[in-house]
Amino acid sequence: MSNNVKMAIPIVIAVVVALLPTPEGLAVNAHYFFAVFLGVIVGLILEPIPPALIGLVGVAFCATFGLVGESAKEARNWALSGFSNGVIWLIFAAFMFALGYKKSGLGKRISLLLVKKLGKTTLGLGYAVAFADGILSPFMPSNTARSAGTIFPIAINIPQMFNSLPDNEPRKIGSYISWVAIAATCVTSSMFLTALAPNLLAVSLVEKNIGVAIEWGTWFYTLAIIMVPLFLAVPYLAYIIYPPEQKYSPEAPAWAAAELEKMGSISKKEILMLCFGILALVLWIFGKQIGVNGTVAAIAVLCLLVLFNVISWEDVITNKGAINVFIWFATLVAMAGGLKKVGYLKWASGLISSWLVGLDPVMIGIILVVLFFLFHYLFASVTAHVVALLPLFLGIAANLLPVDMLQPTAMLLVGSLGLMGIITPYATGPSPIWYGAGYISQAKWWTLGGIFGALFLAALVLLGFIIL
(Lines give C-alpha, C1' and ligand atoms only; values in the text may rest on other atoms or scores of the structure.)
Protein backbone atom coordinates (compact mmCIF):
# COMPACT_ATOMS: atom_id res chain seq x y z
CA MET A 1 0.00 0.00 0.00
CA SER A 2 1.47 3.36 -1.03
CA ASN A 3 1.88 6.17 1.47
CA ASN A 4 -0.64 8.31 -0.43
CA VAL A 5 -3.27 5.61 -0.04
CA LYS A 6 -2.44 5.28 3.66
CA MET A 7 -2.86 9.04 3.97
CA ALA A 8 -6.18 9.04 2.13
CA ILE A 9 -7.88 6.18 3.99
CA PRO A 10 -8.18 7.89 7.43
CA ILE A 11 -9.43 11.10 5.80
CA VAL A 12 -12.03 9.26 3.70
CA ILE A 13 -13.24 7.28 6.73
CA ALA A 14 -13.56 10.46 8.83
CA VAL A 15 -15.48 12.27 6.06
CA VAL A 16 -17.84 9.34 5.40
CA VAL A 17 -18.66 8.93 9.11
CA ALA A 18 -19.20 12.69 9.46
CA LEU A 19 -21.64 12.67 6.52
CA LEU A 20 -23.75 9.86 8.00
CA PRO A 21 -26.95 10.94 9.81
CA THR A 22 -26.31 11.82 13.45
CA PRO A 23 -27.66 8.98 15.64
CA GLU A 24 -30.59 9.75 17.92
CA GLY A 25 -29.48 11.06 21.30
CA LEU A 26 -26.03 12.16 20.09
CA ALA A 27 -25.10 15.83 19.65
CA VAL A 28 -23.95 16.89 16.18
CA ASN A 29 -20.55 18.13 17.43
CA ALA A 30 -20.05 14.80 19.24
CA HIS A 31 -20.80 12.97 15.98
CA TYR A 32 -18.25 15.09 14.10
CA PHE A 33 -15.69 14.69 16.89
CA PHE A 34 -16.06 10.91 16.76
CA ALA A 35 -15.50 11.01 12.99
CA VAL A 36 -12.20 12.84 13.50
CA PHE A 37 -11.29 10.51 16.39
CA LEU A 38 -11.91 7.45 14.21
CA GLY A 39 -9.74 8.98 11.47
CA VAL A 40 -6.96 9.49 14.03
CA ILE A 41 -7.16 5.85 15.18
CA VAL A 42 -7.04 4.53 11.61
CA GLY A 43 -4.12 6.87 10.97
CA LEU A 44 -2.29 5.47 13.99
CA ILE A 45 -2.78 1.95 12.62
CA LEU A 46 -1.60 2.79 9.08
CA GLU A 47 1.00 5.45 10.07
CA PRO A 48 1.26 7.45 6.81
CA ILE A 49 2.93 10.20 8.88
CA PRO A 50 4.56 10.08 12.36
CA PRO A 51 2.04 9.11 15.09
CA ALA A 52 2.69 12.27 17.10
CA LEU A 53 1.79 14.40 14.09
CA ILE A 54 -1.41 12.40 13.56
CA GLY A 55 -2.51 13.15 17.13
CA LEU A 56 -1.52 16.80 16.82
CA VAL A 57 -3.49 17.19 13.58
CA GLY A 58 -6.57 15.66 15.21
CA VAL A 59 -6.39 17.96 18.23
CA ALA A 60 -5.68 21.04 16.10
CA PHE A 61 -8.60 20.28 13.76
CA CYS A 62 -11.12 19.72 16.56
CA ALA A 63 -10.01 22.83 18.46
CA THR A 64 -9.95 25.03 15.34
CA PHE A 65 -13.48 24.09 14.31
CA GLY A 66 -14.87 24.29 17.85
CA LEU A 67 -15.91 20.65 18.20
CA VAL A 68 -14.92 20.65 21.89
CA GLY A 69 -15.89 23.47 24.25
CA GLU A 70 -18.30 26.35 23.86
CA SER A 71 -15.67 29.06 23.36
CA ALA A 72 -12.27 29.52 21.76
CA LYS A 73 -10.68 29.60 25.23
CA GLU A 74 -12.30 26.28 26.21
CA ALA A 75 -11.16 24.72 22.94
CA ARG A 76 -7.60 25.92 23.58
CA ASN A 77 -7.61 24.61 27.15
CA TRP A 78 -8.82 21.22 25.95
CA ALA A 79 -6.22 21.07 23.16
CA LEU A 80 -3.38 21.69 25.63
CA SER A 81 -4.77 19.56 28.47
CA GLY A 82 -2.68 16.52 27.61
CA PHE A 83 0.58 18.48 27.88
CA SER A 84 -0.13 19.31 31.53
CA ASN A 85 -0.94 15.71 32.39
CA GLY A 86 1.45 14.34 35.02
CA VAL A 87 1.52 10.84 33.55
CA ILE A 88 2.78 12.19 30.22
CA TRP A 89 5.74 13.78 32.01
CA LEU A 90 6.36 10.52 33.87
CA ILE A 91 6.55 8.71 30.52
CA PHE A 92 9.04 11.29 29.22
CA ALA A 93 11.24 10.96 32.32
CA ALA A 94 11.12 7.16 32.21
CA PHE A 95 12.36 7.22 28.61
CA MET A 96 15.41 9.09 29.90
CA PHE A 97 15.97 6.31 32.45
CA ALA A 98 16.02 3.83 29.58
CA LEU A 99 18.63 5.97 27.84
CA GLY A 100 20.67 5.96 31.04
CA TYR A 101 20.69 2.17 31.18
CA LYS A 102 21.82 2.03 27.57
CA LYS A 103 24.42 4.81 27.71
CA SER A 104 25.98 3.67 30.98
CA GLY A 105 26.17 0.05 29.78
CA LEU A 106 24.37 -1.23 32.88
CA GLY A 107 21.58 -2.90 30.89
CA LYS A 108 24.10 -4.80 28.76
CA ARG A 109 26.14 -5.81 31.82
CA ILE A 110 23.09 -7.19 33.63
CA SER A 111 22.10 -9.27 30.59
CA LEU A 112 25.62 -10.69 30.15
CA LEU A 113 25.95 -11.52 33.85
CA LEU A 114 22.73 -13.51 33.71
CA VAL A 115 23.88 -15.44 30.62
CA LYS A 116 27.19 -16.17 32.35
CA LYS A 117 25.46 -17.50 35.49
CA LEU A 118 22.47 -19.32 33.98
CA GLY A 119 23.51 -20.15 30.43
CA LYS A 120 24.94 -23.68 30.73
CA THR A 121 21.63 -25.18 29.56
CA THR A 122 19.18 -23.92 26.95
CA LEU A 123 16.47 -23.70 29.62
CA GLY A 124 18.89 -21.66 31.72
CA LEU A 125 19.48 -19.36 28.75
CA GLY A 126 15.72 -18.89 28.50
CA TYR A 127 15.61 -17.83 32.14
CA ALA A 128 18.62 -15.54 31.64
CA VAL A 129 16.84 -13.73 28.80
CA ALA A 130 13.61 -13.51 30.84
CA PHE A 131 15.33 -12.28 34.02
CA ALA A 132 17.27 -9.64 32.08
CA ASP A 133 13.97 -8.28 30.80
CA GLY A 134 12.38 -8.54 34.25
CA ILE A 135 15.18 -6.61 35.96
CA LEU A 136 15.10 -3.78 33.42
CA SER A 137 11.33 -3.59 32.99
CA PRO A 138 10.39 -1.34 35.96
CA PHE A 139 12.72 1.36 34.62
CA MET A 140 12.13 1.11 30.87
CA PRO A 141 8.65 2.11 29.70
CA SER A 142 9.42 1.10 26.13
CA ASN A 143 9.37 -2.67 25.75
CA THR A 144 10.84 -2.03 22.29
CA ALA A 145 13.88 -0.30 23.80
CA ARG A 146 14.11 -2.98 26.48
CA SER A 147 13.58 -6.17 24.51
CA ALA A 148 14.56 -5.15 20.98
CA GLY A 149 17.14 -2.50 21.86
CA THR A 150 18.95 -3.98 24.87
CA ILE A 151 18.31 -7.74 25.01
CA PHE A 152 18.01 -8.60 21.31
CA PRO A 153 21.60 -7.62 20.34
CA ILE A 154 22.93 -9.90 23.09
CA ALA A 155 20.49 -12.82 22.87
CA ILE A 156 20.60 -13.08 19.08
CA ASN A 157 24.34 -13.87 19.23
CA ILE A 158 23.78 -16.99 21.32
CA PRO A 159 22.15 -19.31 18.72
CA GLN A 160 24.75 -18.24 16.15
CA MET A 161 27.47 -19.80 18.33
CA PHE A 162 25.76 -23.15 17.79
CA ASN A 163 25.21 -22.57 14.07
CA SER A 164 21.49 -22.25 14.72
CA LEU A 165 20.48 -19.77 12.03
CA PRO A 166 17.12 -18.83 10.47
CA ASP A 167 17.96 -20.96 7.42
CA ASN A 168 19.92 -23.66 9.26
CA GLU A 169 18.45 -25.56 12.23
CA PRO A 170 16.46 -22.66 13.71
CA ARG A 171 14.75 -25.03 16.17
CA LYS A 172 18.12 -26.06 17.57
CA ILE A 173 18.13 -23.07 19.93
CA GLY A 174 17.30 -19.83 18.09
CA SER A 175 13.53 -20.32 17.89
CA TYR A 176 13.29 -21.08 21.61
CA ILE A 177 15.33 -18.04 22.64
CA SER A 178 13.28 -15.77 20.35
CA TRP A 179 9.96 -16.97 21.71
CA VAL A 180 11.00 -16.77 25.35
CA ALA A 181 12.24 -13.22 24.79
CA ILE A 182 8.97 -11.93 23.31
CA ALA A 183 6.75 -13.87 25.74
CA ALA A 184 8.74 -12.68 28.77
CA THR A 185 8.59 -9.03 27.74
CA CYS A 186 4.82 -9.29 27.27
CA VAL A 187 4.43 -10.51 30.86
CA THR A 188 6.82 -7.94 32.35
CA SER A 189 5.01 -5.23 30.39
CA SER A 190 1.91 -6.07 32.43
CA MET A 191 3.76 -6.72 35.68
CA PHE A 192 4.91 -3.14 36.28
CA LEU A 193 3.12 0.14 35.61
CA THR A 194 6.33 1.68 34.23
CA ALA A 195 7.25 -1.28 31.99
CA LEU A 196 5.06 -0.18 29.06
CA ALA A 197 4.28 3.39 28.01
CA PRO A 198 0.60 2.65 27.16
CA ASN A 199 0.15 1.45 30.77
CA LEU A 200 0.81 5.00 31.93
CA LEU A 201 -1.50 6.40 29.30
CA ALA A 202 -4.16 3.90 30.39
CA VAL A 203 -4.08 4.84 34.09
CA SER A 204 -4.45 8.48 33.09
CA LEU A 205 -7.58 7.60 31.09
CA VAL A 206 -8.91 5.52 34.00
CA GLU A 207 -8.61 8.51 36.34
CA LYS A 208 -10.17 10.88 33.80
CA ASN A 209 -13.10 8.61 32.94
CA ILE A 210 -14.11 6.93 36.20
CA GLY A 211 -12.14 8.86 38.83
CA VAL A 212 -10.03 5.88 39.95
CA ALA A 213 -6.33 6.58 40.58
CA ILE A 214 -3.98 3.61 40.09
CA GLU A 215 -0.58 4.08 41.75
CA TRP A 216 2.61 2.12 41.00
CA GLY A 217 2.27 0.01 44.14
CA THR A 218 -1.43 -0.67 43.62
CA TRP A 219 -0.69 -1.89 40.10
CA PHE A 220 2.07 -4.26 41.17
CA TYR A 221 0.42 -5.65 44.30
CA THR A 222 -2.82 -6.38 42.44
CA LEU A 223 -1.31 -7.96 39.33
CA ALA A 224 1.69 -9.69 40.94
CA ILE A 225 -0.58 -12.52 42.08
CA ILE A 226 -0.63 -13.87 38.54
CA MET A 227 2.18 -11.98 36.79
CA VAL A 228 5.04 -13.26 38.94
CA PRO A 229 4.09 -16.98 38.60
CA LEU A 230 3.38 -16.44 34.90
CA PHE A 231 6.75 -14.77 34.39
CA LEU A 232 8.58 -17.61 36.16
CA ALA A 233 6.66 -20.18 34.12
CA VAL A 234 7.24 -18.65 30.64
CA PRO A 235 10.71 -20.15 29.87
CA TYR A 236 9.57 -23.57 31.09
CA LEU A 237 6.26 -23.40 29.21
CA ALA A 238 8.14 -22.51 26.02
CA TYR A 239 10.57 -25.36 26.73
CA ILE A 240 7.62 -27.79 26.86
CA ILE A 241 5.40 -26.35 24.13
CA TYR A 242 8.14 -25.26 21.69
CA PRO A 243 11.22 -27.21 22.82
CA PRO A 244 14.73 -26.49 21.56
CA GLU A 245 16.54 -29.38 19.88
CA GLN A 246 19.75 -28.61 21.79
CA LYS A 247 19.43 -28.86 25.56
CA TYR A 248 22.92 -27.76 26.66
CA SER A 249 24.91 -24.62 25.83
CA PRO A 250 28.34 -24.67 27.53
CA GLU A 251 29.76 -22.08 25.09
CA ALA A 252 27.26 -19.35 26.12
CA PRO A 253 28.70 -18.62 29.61
CA ALA A 254 32.21 -18.48 28.15
CA TRP A 255 31.08 -16.03 25.47
CA ALA A 256 29.31 -13.84 28.06
CA ALA A 257 32.43 -13.87 30.26
CA ALA A 258 34.54 -12.73 27.30
CA GLU A 259 32.09 -9.92 26.54
CA LEU A 260 32.13 -8.82 30.18
CA GLU A 261 35.92 -8.80 30.09
CA LYS A 262 35.78 -6.47 27.09
CA MET A 263 33.51 -4.14 29.05
CA GLY A 264 35.96 -4.01 31.94
CA SER A 265 35.11 -3.39 35.58
CA ILE A 266 31.86 -1.68 36.47
CA SER A 267 32.04 2.05 35.78
CA LYS A 268 31.08 5.01 37.93
CA LYS A 269 28.19 5.78 35.57
CA GLU A 270 26.83 2.24 35.91
CA ILE A 271 26.94 2.49 39.72
CA LEU A 272 25.20 5.87 39.62
CA MET A 273 22.57 4.54 37.20
CA LEU A 274 21.93 1.58 39.49
CA CYS A 275 21.55 3.84 42.54
CA PHE A 276 19.26 6.31 40.80
CA GLY A 277 17.19 3.50 39.32
CA ILE A 278 16.65 2.00 42.79
CA LEU A 279 15.83 5.47 44.16
CA ALA A 280 13.16 5.97 41.48
CA LEU A 281 11.69 2.53 42.19
CA VAL A 282 11.54 3.20 45.95
CA LEU A 283 9.85 6.57 45.40
CA TRP A 284 7.32 5.03 42.99
CA ILE A 285 6.45 2.32 45.51
CA PHE A 286 6.49 4.34 48.74
CA GLY A 287 6.17 7.91 47.49
CA LYS A 288 2.50 8.18 48.38
CA GLN A 289 3.25 7.45 52.04
CA ILE A 290 5.88 10.20 52.23
CA GLY A 291 4.04 12.73 50.08
CA VAL A 292 6.06 12.45 46.87
CA ASN A 293 4.11 12.14 43.63
CA GLY A 294 5.37 9.53 41.13
CA THR A 295 5.79 12.09 38.34
CA VAL A 296 7.69 14.49 40.61
CA ALA A 297 9.95 11.61 41.70
CA ALA A 298 10.69 10.72 38.07
CA ILE A 299 11.54 14.32 37.15
CA ALA A 300 13.75 14.67 40.25
CA VAL A 301 15.68 11.50 39.38
CA LEU A 302 15.97 12.69 35.78
CA CYS A 303 17.62 15.87 37.08
CA LEU A 304 20.06 13.76 39.12
CA LEU A 305 20.93 11.70 36.03
CA VAL A 306 21.86 14.89 34.19
CA LEU A 307 23.61 16.59 37.13
CA PHE A 308 25.78 13.52 37.73
CA ASN A 309 26.47 13.19 33.99
CA VAL A 310 24.97 9.74 33.56
CA ILE A 311 23.22 11.36 30.61
CA SER A 312 23.73 14.87 29.27
CA TRP A 313 21.25 17.72 28.87
CA GLU A 314 21.90 17.40 25.15
CA ASP A 315 20.65 13.81 25.40
CA VAL A 316 17.44 15.08 26.97
CA ILE A 317 16.60 17.81 24.46
CA THR A 318 17.69 15.83 21.40
CA ASN A 319 16.01 12.52 22.29
CA LYS A 320 13.61 12.39 19.35
CA GLY A 321 11.98 9.20 20.55
CA ALA A 322 11.07 10.62 23.96
CA ILE A 323 9.87 13.96 22.59
CA ASN A 324 7.86 12.17 19.90
CA VAL A 325 6.16 9.98 22.53
CA PHE A 326 5.56 13.03 24.74
CA ILE A 327 3.66 14.88 21.99
CA TRP A 328 1.97 11.70 20.76
CA PHE A 329 0.57 10.67 24.14
CA ALA A 330 -0.32 14.24 25.17
CA THR A 331 -2.48 14.65 22.08
CA LEU A 332 -4.05 11.21 22.48
CA VAL A 333 -4.95 11.98 26.11
CA ALA A 334 -6.71 15.11 24.87
CA MET A 335 -8.51 13.23 22.07
CA ALA A 336 -9.66 10.47 24.44
CA GLY A 337 -10.76 13.08 26.98
CA GLY A 338 -12.67 14.85 24.23
CA LEU A 339 -14.89 11.79 23.71
CA LYS A 340 -16.13 12.20 27.27
CA LYS A 341 -16.30 15.98 27.11
CA VAL A 342 -18.57 16.05 24.05
CA GLY A 343 -20.83 13.32 25.45
CA TYR A 344 -19.97 10.57 22.97
CA LEU A 345 -18.82 8.07 25.61
CA LYS A 346 -21.98 8.49 27.66
CA TRP A 347 -24.10 7.83 24.57
CA ALA A 348 -22.07 4.86 23.25
CA SER A 349 -21.58 3.15 26.62
CA GLY A 350 -25.29 3.51 27.35
CA LEU A 351 -26.16 1.89 24.03
CA ILE A 352 -23.82 -1.09 24.54
CA SER A 353 -24.72 -1.41 28.23
CA SER A 354 -28.33 -2.14 27.27
CA TRP A 355 -27.14 -5.41 25.70
CA LEU A 356 -25.54 -6.60 28.96
CA VAL A 357 -28.21 -5.54 31.44
CA GLY A 358 -29.34 -8.38 33.69
CA LEU A 359 -26.09 -10.33 33.72
CA ASP A 360 -24.21 -11.03 36.94
CA PRO A 361 -21.77 -8.15 37.65
CA VAL A 362 -18.76 -10.47 37.95
CA MET A 363 -19.65 -12.05 34.61
CA ILE A 364 -19.98 -8.59 33.04
CA GLY A 365 -16.49 -7.69 34.31
CA ILE A 366 -15.01 -10.90 32.88
CA ILE A 367 -16.77 -10.41 29.52
CA LEU A 368 -15.37 -6.89 29.26
CA VAL A 369 -11.83 -8.12 29.97
CA VAL A 370 -12.04 -10.98 27.46
CA LEU A 371 -13.45 -8.78 24.69
CA PHE A 372 -10.91 -6.03 25.40
CA PHE A 373 -8.08 -8.60 25.08
CA LEU A 374 -9.40 -10.28 21.92
CA PHE A 375 -10.05 -6.99 20.13
CA HIS A 376 -6.28 -6.53 20.00
CA TYR A 377 -6.20 -8.88 17.01
CA LEU A 378 -7.47 -5.83 15.11
CA PHE A 379 -4.68 -3.51 16.28
CA ALA A 380 -0.98 -3.17 15.46
CA SER A 381 -0.49 -0.65 18.28
CA VAL A 382 -1.21 -1.04 21.98
CA THR A 383 -1.47 2.73 22.19
CA ALA A 384 -4.13 2.87 19.49
CA HIS A 385 -5.98 0.06 21.27
CA VAL A 386 -5.94 1.98 24.56
CA VAL A 387 -7.17 5.24 23.07
CA ALA A 388 -9.84 3.62 20.90
CA LEU A 389 -11.34 1.13 23.33
CA LEU A 390 -10.42 1.76 26.97
CA PRO A 391 -12.65 4.83 27.55
CA LEU A 392 -15.60 2.98 25.99
CA PHE A 393 -15.09 -0.15 28.11
CA LEU A 394 -14.68 1.99 31.24
CA GLY A 395 -17.94 3.75 30.40
CA ILE A 396 -19.76 0.42 30.11
CA ALA A 397 -18.27 -0.71 33.42
CA ALA A 398 -19.38 2.53 35.11
CA ASN A 399 -22.94 2.00 33.82
CA LEU A 400 -23.33 -1.63 34.86
CA LEU A 401 -21.03 -2.41 37.77
CA PRO A 402 -21.24 -1.48 41.47
CA VAL A 403 -18.83 1.26 42.54
CA ASP A 404 -16.67 -1.18 44.51
CA MET A 405 -16.06 -3.23 41.34
CA LEU A 406 -14.82 -0.34 39.19
CA GLN A 407 -11.21 -0.32 40.40
CA PRO A 408 -10.62 -4.11 40.10
CA THR A 409 -12.27 -4.12 36.66
CA ALA A 410 -10.11 -1.20 35.55
CA MET A 411 -7.03 -3.05 36.89
CA LEU A 412 -7.87 -6.11 34.81
CA LEU A 413 -8.40 -4.03 31.67
CA VAL A 414 -5.16 -2.07 31.95
CA GLY A 415 -3.29 -5.13 33.21
CA SER A 416 -4.04 -6.93 29.96
CA LEU A 417 -2.14 -4.43 27.79
CA GLY A 418 1.25 -6.10 27.98
CA LEU A 419 -0.10 -9.65 27.83
CA MET A 420 -2.06 -9.04 24.62
CA GLY A 421 1.23 -8.27 22.83
CA ILE A 422 1.89 -12.00 22.46
CA ILE A 423 -0.95 -12.82 20.07
CA THR A 424 0.38 -11.67 16.66
CA PRO A 425 3.71 -10.77 14.99
CA TYR A 426 2.64 -7.12 15.02
CA ALA A 427 0.84 -6.87 18.38
CA THR A 428 3.53 -4.95 20.31
CA GLY A 429 6.69 -2.96 19.57
CA PRO A 430 9.41 -5.66 19.85
CA SER A 431 7.35 -8.33 18.03
CA PRO A 432 8.44 -7.29 14.52
CA ILE A 433 12.08 -7.29 15.66
CA TRP A 434 12.01 -10.84 17.00
CA TYR A 435 9.82 -12.02 14.12
CA GLY A 436 12.15 -10.30 11.67
CA ALA A 437 15.08 -12.29 13.08
CA GLY A 438 13.66 -15.17 11.04
CA TYR A 439 13.72 -17.97 13.62
CA ILE A 440 9.93 -18.29 13.85
CA SER A 441 7.70 -18.53 10.78
CA GLN A 442 4.54 -16.45 10.57
CA ALA A 443 2.31 -19.53 10.77
CA LYS A 444 4.13 -20.80 13.86
CA TRP A 445 4.02 -17.35 15.47
CA TRP A 446 0.22 -17.17 15.08
CA THR A 447 -0.10 -20.68 16.51
CA LEU A 448 2.15 -20.01 19.49
CA GLY A 449 0.51 -16.61 19.95
CA GLY A 450 -2.89 -18.31 20.15
CA ILE A 451 -1.65 -20.85 22.71
CA PHE A 452 0.22 -18.39 24.93
CA GLY A 453 -2.49 -15.75 24.45
CA ALA A 454 -5.06 -18.24 25.74
CA LEU A 455 -2.84 -19.06 28.74
CA PHE A 456 -2.25 -15.39 29.52
CA LEU A 457 -5.95 -14.55 29.18
CA ALA A 458 -6.91 -17.53 31.35
CA ALA A 459 -4.55 -16.27 34.06
CA LEU A 460 -6.13 -12.82 33.82
CA VAL A 461 -9.66 -14.25 34.06
CA LEU A 462 -8.60 -16.30 37.10
CA LEU A 463 -7.38 -13.10 38.74
CA GLY A 464 -10.70 -11.55 37.82
CA PHE A 465 -12.65 -14.16 39.78
CA ILE A 466 -10.32 -13.51 42.75
CA ILE A 467 -10.57 -9.72 42.91
CA LEU A 468 -14.00 -8.92 41.46
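This text follows the structure it describes.
The rules behind each value
Residues numbered from 1 in each chain as written. Predicted model: local features only at pLDDT ≥ 70, side-chain atom pairs only at ≥ 80, totals over all residues. Heavy atoms only, no water. Helix = DSSP H or I, 4+ residues; strand = E, 2+ residues; numbered from the N terminus. Buried < 20%, exposed > 50% of the residue type's maximum accessible area, 1.4 Å probe, protein only. Polar contact = N/O pair within 3.5 Å; in protein donor to acceptor, adjacent residues only side chain to side chain. Salt bridge = Lys/Arg side-chain N within 4 Å of Asp/Glu carboxyl O. Core = buried A, V, L, I, M, F, W, Y, C linked by side-chain atoms within 4.5 Å. Contact = heavy atoms within 4.5 Å. Axes fitted to C-alpha atoms, helices over the stretch in contact; angles between N-to-C directions. Left-handed = near helix turned anticlockwise from the far one by under 90°. Nonpolar A, V, L, I, M, F, W, Y, C, P; charged D, E, K, R; others polar. Phe/Tyr/Trp six-rings, centres within 6.5 Å; stacked < 30°, edge-to-face > 60°. 1 Å grid on protein atoms, 1.4 Å probe; cavity = no way out; pocket = protein on both sides within 12 Å on 5 of 7 lines; lining within 4 Å. Points joined across faces, edges and corners; volume = space filled by probe spheres on them. Patch = residues over 30% accessible without salt bridge, like charges linked within 9 Å, V, L, I, M, F, W, Y side chains within 5 Å. Areas by Shrake-Rupley, 256 points an atom, 1.4 Å probe, with all protein chains shown as cover.

**Topic: the environment of Phe 65**
Right, so step 1: With respect to the helices and strands, the residue Phe 65 is situated in the loop between helix H3 (51–64) and helix H4 (72–80).
Right, so step 2: For Phe 65, a relative accessible area of 57% corresponds to the exposed category.

**Remarks on the side chain of His 385**
Right, so step 1: Relative to the assigned elements, His 385 resides in helix H20 (residues 382–400).
Right, so step 2: Among the polar contacts made by the side chain of His 385, one reaches the main-chain carbonyl oxygen of Phe 372 at a distance of 3.0 Å.

**Some thoughts on the environment of Asn 4**
Right, so step 1: Tracing the backbone through its elements, the reader meets Asn 4 in helix H1 (residues 3–19).
Right, so step 2: Separated by 44 residues in sequence, Asn 4 and Pro 48 place their C-alpha atoms 7.5 Å apart.

**Comments concerning the pattern of salt bridges**
Right, so step 1: In this structure the tally under the stated criterion is five salt bridges.
Right, so step 2: Note that Arg 109 and Glu 270 form a salt bridge whose closest N and O atoms lie 2.5 Å from each other. Here Arg 109 is found in helix H6 (residues 106–118), whereas its partner Glu 270 is found in helix H14 (residues 268–290), with 161 residues between them in sequence.
Right, so step 3: For Arg 109, a relative accessible area of 9% translates into the label buried.

**Brief notes about the nonpolar core**
Right, so step 1: The biggest cluster of nonpolar side chains holds 169 residues, and the ones touching the most others in it are Phe 33, Trp 78, Trp 179 and Leu 390.
Right, so step 2: No other element matches the 13 residues that H20 contributes to this core.
Right, so step 3: When residues no more than four places from it in sequence are discounted, the contact partners of Leu 390 are Ala 202, Leu 205, Val 206, Phe 372, His 385, Leu 413 and Val 414.

**Focus: the side chain of His 376**
Right, so step 1: Mapped onto the elements, His 376 comes out in the loop between helix H19 (361–374) and H20.
Right, so step 2: Within the structure, His 376 has its side chain in polar contact with the backbone oxygen of Ala 427 (distance 2.8 Å).
Right, so step 3: In this structure, His 376 is in contact with Ser 381, Val 382, His 385, Met 420, Ile 423 and Ala 427, ignoring residues within four places of it in sequence.

**Remarks on the packing of helix H10 (residues 174–191) against helix H23 (residues 442–467)**
The description of two packed helices rests on the angle between their axes and on the distance between the axes.
Right, so step 1: Between H10 and H23, whose axes approach to 12 Å, the crossing angle comes to 35°. The interaxial crossing formed by H10 with H23 has right-handed handedness. Counting all contacts with H10, which are made through Trp 179, Ile 182, Ala 183, Cys 186 and Val 187, the residues of H23 involved are Trp 445, Leu 448, Gly 449, Phe 452 and Phe 456.
Right, so step 2: When the residues that make up the contact of H10 with H23 are grouped by side-chain class, the tally is nine nonpolar, one polar and no charged.

**Some words on the packing of aromatic side chains**
Right, so step 1: Here the structure, examined in full by the defined rule, presents 24 aromatic pairs.
Right, so step 2: The interplanar angle of 80° and the centroid separation of 5.2 Å between the aromatic rings of Trp 179 and Trp 445 together place this pair among those described as edge-to-face. Linking Trp 179 in helix H10 with Trp 445 in helix H23, this pair joins segments that are 266 residues apart in sequence. For the pair shown, Trp 179 and Trp 445 are each scored as buried.
Right, so step 3: Ring plane angle 65° and centroid distance 5.9 Å describe the contact between Phe 220 and Tyr 221, whose orientation is recorded as edge-to-face.
Right, so step 4: Tyr 221 gets classed as exposed once you look at its relative accessible area, which sits at 52%.

**Quick word on empty space enclosed by the protein**
Right, so step 1: By the definition in use, this model includes one cavity of 30 Å³ or more.
Right, so step 2: In this structure, the largest cavity occupies an estimated 50 Å³ of space.
Right, so step 3: For the largest cavity, the full set of lining residues is Ser 111, Val 115, Ala 128, Val 129, Ala 132, Ile 151, Ile 154, Ala 155 and Ile 158.
Right, so step 4: Elements with a contribution of two residues or more to the lining of the largest cavity: H6, helix H7 (122–136) and helix H8 (143–155).

**Examining a nonpolar patch on the surface**
Right, so step 1: Together, Leu 371, Leu 374, Phe 375, Tyr 377, Leu 378, Tyr 426 and Trp 446 give the surface a local cluster of nonpolar side chains, amounting to about 620 Å² of exposed area.
Right, so step 2: For Leu 378, the position within the fold is in the loop between H19 and H20.

Everything listed is a geometric property; what it means functionally is a separate question.
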